[in-house]
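Each chain is listed here by its residues.
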Amino acid sequence: MTSLLCITIISLTLACSAYSQVTPSPLTVKVLADLGGNVTLPCRLLSKDTISFGSIGVRVKWTKVADDEALNEDVLLSMGFHKKTYGSFEDRVFLQELDNEDASIVITDVAMDDMGKYRCEIINGMEDSVQELVLEVHGGLTDGVVFPYHPPVGRYNLNFHDAVQACMDQNATVATYDQLVGAWKEGLDWCNAGWLSDGTVQYPITKPREPCGGSNSEPGVRNYGHRDKKSHYDVFCYVSALEGHFYWLVQPNRLTFDEAVQACLDDGAEIAKVGHIYSAWKLEGYDRCDAGWLADGSVRYPISRPRKNCSPTEPAVRLVGFPDKDQKSHGVYCYKAEQ
């Protein structure tokens, strides 16, 4: 069966290059979806005279389109009875197939990362169709990002006053309950309790498990309630969109922490803070697989496009740790405020 499928694809490719006429979609459609819900992305054959999708000679391909075509993500490929989904879309995306001309897909459990441009290609070797649309997702945090934070000395070392200062030091504020709930709806899962702005201590769980309220509990925001402000926990910080430029400073050598600070100053910038890296990652899609110094002495790197050796399972800001500041161990991320 595998050999037959491969031969068919090869012959289809030859037919496309020699005879096919691509019919573009006249307009880019905008589709709105609610966070956590289901959404249908429409796509149909534009000619009524074409053969049905059930034939092994017709291929349907859905792609999530990036600004750089090299970073495009495969979503779904269908050819006859063979259907495959990819990456974060695996087991969440299905062909609707209401009739023989329907190549629409249904995305279930919509996430904020699903937002963006999609391309539907229907290829039958005679009259091929390419249609594009834009998916917008509502219901999450649109103007900021919540991130958990603990100081270099380790977890559960912040009283409420220290927690407020820790967020301020990272260009952020202590998150509100509504902001934490919004982050949880977007997929934030964190098993360490942290201060919120109202003096409560809570933490968000999307994947229930024993150390985090029990494996039989429901997903949700776990609430310890109001605590003595002298008690020690982590903190959830909130940062809005950047008003400047976050970037990796290209350097020929690895740097100590002090050298990293000076290198950013020499470039007319400051060493970036944790709030800067989270904002750039979440709100601007910043992606780089190089670990770099930040202002709190931590070493982190932001991955918005998961891949091998770079946060392979999910988008994230990865924490390498708080290494010896005198070691020439890493590069540096800088931040240049708007003038």
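All of these numbers come straight from a predicted model, not from anything done at the bench. (Residues numbered from 1 in each chain as written. Predicted model: local features only at pLDDT ≥ 70, side-chain atom pairs only at ≥ 80, totals over all residues. Heavy atoms only, no water.)

*Asks:* Quick question: what am I supposed to make of the overall build of the protein chain here?
*Replies:* On a plain count of helices and strands, the protein chain comes out with 5 helices and 22 strands. The burial tally for the protein chain puts 46% of its 339 residues in the buried class. Pairs at least 24 residues apart make up 62% of the contacts formed inside the protein chain by residues separated by at least 6 positions. (Helix = DSSP H or I, 4+ residues; strand = E, 2+ residues; numbered from the N terminus. Buried < 20%, exposed > 50% of the residue type's maximum accessible area, 1.4 Å probe, protein only. Contact = heavy atoms within 4.5 Å.)

*Asks:* Would you mind going over the packing of aromatic side chains with me for this structure?
*Replies:* Aromatic ring pairs are described here by two measures, namely the spacing of the ring centres and the angle between the planes. A complete count under the given rule lists 13 aromatic pairs for this structure. Ring centres 6.3 Å apart and planes at 80 degrees place the aromatic pair F89 and Y118 in the edge-to-face group. Of this pair, F89 sits in the loop between β6 (82-85) and β7 (93-95) while Y118 sits in strand β9 (residues 116-123), and the two are 29 residues apart along the sequence. In this structure, F89 and Y118 share a single accessibility class: buried. Arranged with centres 5.0 Å apart and planes meeting at 65 degrees, the rings of W248 and Y333 form a pair that is edge-to-face. Placement of W248 in strand β17 (residues 244-248) and of Y333 in strand β22 (residues 331-337) is noted, with a sequence separation of 85 residues between them. (Phe/Tyr/Trp six-rings, centres within 6.5 Å; stacked < 30°, edge-to-face > 60°.)

*Asks:* Just to check I follow, could you spell out the nonpolar core for this structure?
*Replies:* One finds V235, F246 and V332 to be the most contacted residues of the largest nonpolar core, which totals 59 residues. Within the second largest apolar cluster, 26 residues are counted, among which are L76, V93, I105 and L135. (Core = buried A, V, L, I, M, F, W, Y, C linked by side-chain atoms within 4.5 Å.)

*Asks:* Please explain the sheet that holds strand β8 (residues 105-107) as it appears in this structure.
*Replies:* Whenever strands of a sheet pair, they do so through backbone hydrogen bonds, lying parallel or antiparallel. Here we have 3 strands laid out as an open sheet, ordered β3-β8-β7, and antiparallel in their pairing. Two strands lie at the open edges of the sheet, namely β3 (39-41) and β7, each paired on one side alone. Strand after strand, the sheet turns through a mean of 25 degrees between neighbouring axes, direction not considered. When β7 meets β8, the two strands line up antiparallel, connected through 3 bridges. The partner of L95 across the bridge, within β8, is I105. (Pairing = 2+ DSSP bridges. Axes fitted to C-alpha atoms, helices over the stretch in contact; angles between N-to-C directions.)

*Asks:* For this particular structure, what's the right way to read the state of the cysteines?
*Replies:* Using the criterion set out here, one finds 5 disulfides in the structure. Paired by a disulfide, C43 and C120 hold their sulfur atoms 2.0 Å apart. On the sign convention where negative means left-handed, the S-S torsion of about -75 degrees between C43 and C120 marks this disulfide as left-handed. Of this pair, C43 sits in the loop between β3 and β4 (59-65) while C120 sits in strand β9, and the two are 77 residues apart along the sequence. Residue C120 is classed as buried on the basis of its relative accessible area of 1%. Residue C289 pairs covalently with C310 via a disulfide, S to S 1.9 Å. The disulfide joining C289 to C310 has a torsion of about -100 degrees about its S-S bond and is therefore left-handed. Of this pair, C289 sits in the loop between α5 (274-284) and β19 (292-293) while C310 sits in the loop between β20 (299-303) and β21 (316-321), and the two are 21 residues apart along the sequence. Described in terms of the sequence order of its bonded cysteines, the disulfide pattern of the protein chain is 1-2, 3-6, 4-5, 7-10, 8-9. (Disulfide = S-S within 2.5 Å.)

*Asks:* I keep staring at the environment of R209 and nothing clicks. Help me out?
*Replies:* By the secondary structure assignment, R209 is in the loop between β14 (200-205) and β15 (220-226). R209 gets classed as partly exposed once you look at its relative accessible area, which sits at 29%. Measuring from C-alpha to C-alpha, the distance between R209 and C191 comes to 9.4 Å, with 18 residues separating the pair along the chain. Apart from residues lying up to four places away in sequence, R209 is in contact with D189, C191, G214 and S215. Within the structure, the side chain of R209 is placed 2.7 Å from the side chain of D189, a separation counted as a polar contact. Here the side chain of R209 touches K207 through a polar contact of 2.6 Å, landing on its backbone oxygen. (Polar contact = N/O pair within 3.5 Å; in protein donor to acceptor, adjacent residues only side chain to side chain.)

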